[in-house]
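Observations on the model geometry
Chain by chain, the residues run as shown.
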Amino acid sequence: MTASSVAHAAARAPEHDARTLIADRVAGQSLPAPFYVSRDFFDLDVDEIFSKSWLFVATEAEIAEPGDYVTITFSTRSVIVARDDDGRVRAHHNVCRHRGARLLTDPSGSTGTFVCTYHSWTYGMDGRLEFADAQAPGFDRSCYSLRSVHVRSIAGLVFICLADDPPADIDEVAAIVEPYLAPHRLAEAKVAKQTDLIEDGNWKLTMENNRECYHCDGHPELLNVFFPTWGYSDTGSIPSRLGPVYDRYRRVTSEQVEIWDRHDLPHSRIEQLDTRPTGFHVEREALDLAGESFTLDGSAACGRLLTDIGEARLGRLSMHLQPNMWLHVTSDHALVFSVIPIAADKTLVRTTWLVHRNAVEGVDYDLDHLTGVWETTNQQDADLVALAQSGISSPAYVPGPYGPSEFQVEAFVNWYVTMLRRRLDIPTTGTASDAASA
Ligand code: FES
Ligand SMILES: [Fe+2]
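The residue numbers shown here count from 1 along each chain, following its written sequence. Think of it this way: whatever chain is written first is A, whatever ligand is written first is 1, and the rest follow in order. Only residues with pLDDT of at least 70 get local features here, since the model is predicted, and only at 80 or more are side-chain atom pairs given and counted; chain-wide, interface and lining totals rely on the full set of residues. Hydrogens and waters are ignored; side-chain quantities use all the structure's heavy atoms.

Examining the state of the cysteines
Cysteine sulfurs are considered disulfide-paired once they come within 2.5 Å of each other. One pass over the structure, following the stated rule, counts one disulfide. The side chain of Cys 213 participates in a disulfide bridge whose partner is Cys 216; the two sulfur atoms lie 1.9 Å from each other. Around the S-S axis, the bridge from Cys 213 to Cys 216 shows a dihedral of about -110° and counts as left-handed. Relative accessibility thresholds used throughout: buried, under 20% of the residue-type maximum; exposed, over 50%; partly exposed, between the two (1.4 Å probe, protein chains only). Given a relative accessible area of 6%, Cys 213 falls into the buried group.

Below, the structure written as structure tokens:
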């Protein structure tokens, strides 16, 4: 970053001595309270994390036709993601080039042009200014296109980056994860349902909560099919009460590997969560019971499978991407999550259920059956995040230790702190490793 942006960022966060807290972060522990509760850190997160990383913002299914758009808004930023007349996915800043009015105020819609409410400047889906009434002679419309935002789709998942120079490793990450995602044909899917849940917690608590299954006793419905041994890396650390489940997990996994291999589906775990700017994790895992879907008995909830593979028992493909997404894909549907910060203690969790585009509600699937387990799970997670935010807001809070099964929480926090150190030019004085490479 430039010297002036370092100075600007530092000047904004003197209250809690943010630079010292970032430099001193101790590996293996939850973060000090200001990271989760202060406005200074919220602004830092918006400026240094959410404005400089690749963000997952939509599925292509949400903008299936030319003219379809969604808007993504956080803090003072707002971005239009749209499909243009040629079918390309575009992203523009949602700011009129006349006198700056916000162009679109709806979260989604379909239109032929973007018309500014203020003085009717009108833009094409590609961002070019098409109409500006009563301008002086010589006015050159071509100079006033909407400011574009970097955008790219990975197997039907749309990512944007607001930085002038986005992290270049997105190409490497895409090359790794696309073979996992492509068989599920997400780009051709349709949205069965989308929910917006506002969690009463900092966005990092939302991400941290998703990175471990230590709390999974709080998800009795999900645990019908989700193995609660997730996150334990060796048998020695698995609690004895989970021993029988772990034995079943290993047996089911070996059966599942045979099926994946038979269909040439990549399934190895690849984990680069804090070793690159676009940190990620991808793998396939078995599901319990019927092993097909996130239902109470594990059987597929949609009769029309997403894939062309005529096999319902595919377990789940899971992927995490720093800083704001995770997904699960089963044979019959995909569940895609995005996390958008609203305030230091408020976070939007958007969940999108995708099914085959020709699947018919009421015929191929019952919507409540398809979404029930995760709608319940999402609310349970929201309640846990709110509990964490409440406790951390108390002056009595001090950081506590992560256990072995919380290694992905540590990886997320390490990635986050490493990005702040790098982007704010803060030397490391704590014990966390500064591992992410440029
Ligand atoms: S601010 Fe948009 S037309 Fe004037
Ligand atoms: Fe959870």
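Some remarks on the sheet that holds strand 11 (residues 190-199)
Taken in spatial order, the seven strands line up as 11-17-16-15-14-13-12 in an open sheet, and their pairing is antiparallel. In the strand order of this sheet, the two ends are held by strand 11 and strand 12 (270-272), each with one partner. Going from strand to strand, the sheet's axes swing by 15° on average, the running direction of each strand aside. The sheet contact formed by strand 16 (residues 334-343) and strand 17 (residues 346-355) spans nine bridges and is antiparallel. Bridge pairing links Val 336 to Thr 352 in strand 17. Paired strands are those between which DSSP finds at least two bridges. Working definition: helices are DSSP H or I runs of at least four residues, strands are E runs of at least two. Numbering for both runs from the N terminus. Only C-alpha atoms enter the line fits that serve as axes; for helices the fit covers just the stretch in contact. Angles between N-to-C directions range over 0 to 180 degrees.

Some remarks on the packing of aromatic side chains
Put simply, two rings from Phe, Tyr or Trp (the six-membered ring, in Trp's case) pair if the centres are within 6.5 Å, and we call them stacked under 30 degrees between planes, edge-to-face over 60, tilted for the rest. Within this structure, the stated rule accounts for 16 aromatic pairs. Measuring from centroid to centroid gives 4.7 Å for Phe 50 and Trp 203, while their planes differ by 90°, and the two rings are edge-to-face. With Phe 50 in helix 4 (residues 39-50) and Trp 203 in helix 6 (residues 203-210), this residue pair connects regions lying 153 residues apart in the sequence. Taken as a pair, Phe 50 and Trp 203 share a single burial class, namely buried. Between the aromatic rings of Trp 203 and Tyr 416, the centroid separation amounts to 6.0 Å while the plane-to-plane angle is 75°, which identifies the pairing as edge-to-face. Of this pair, Trp 203 sits in helix 6 while Tyr 416 sits in helix 9 (residues 407-424), and the two are 213 residues apart along the sequence.

In short, the description is geometric, and any link to function would need to be established separately.
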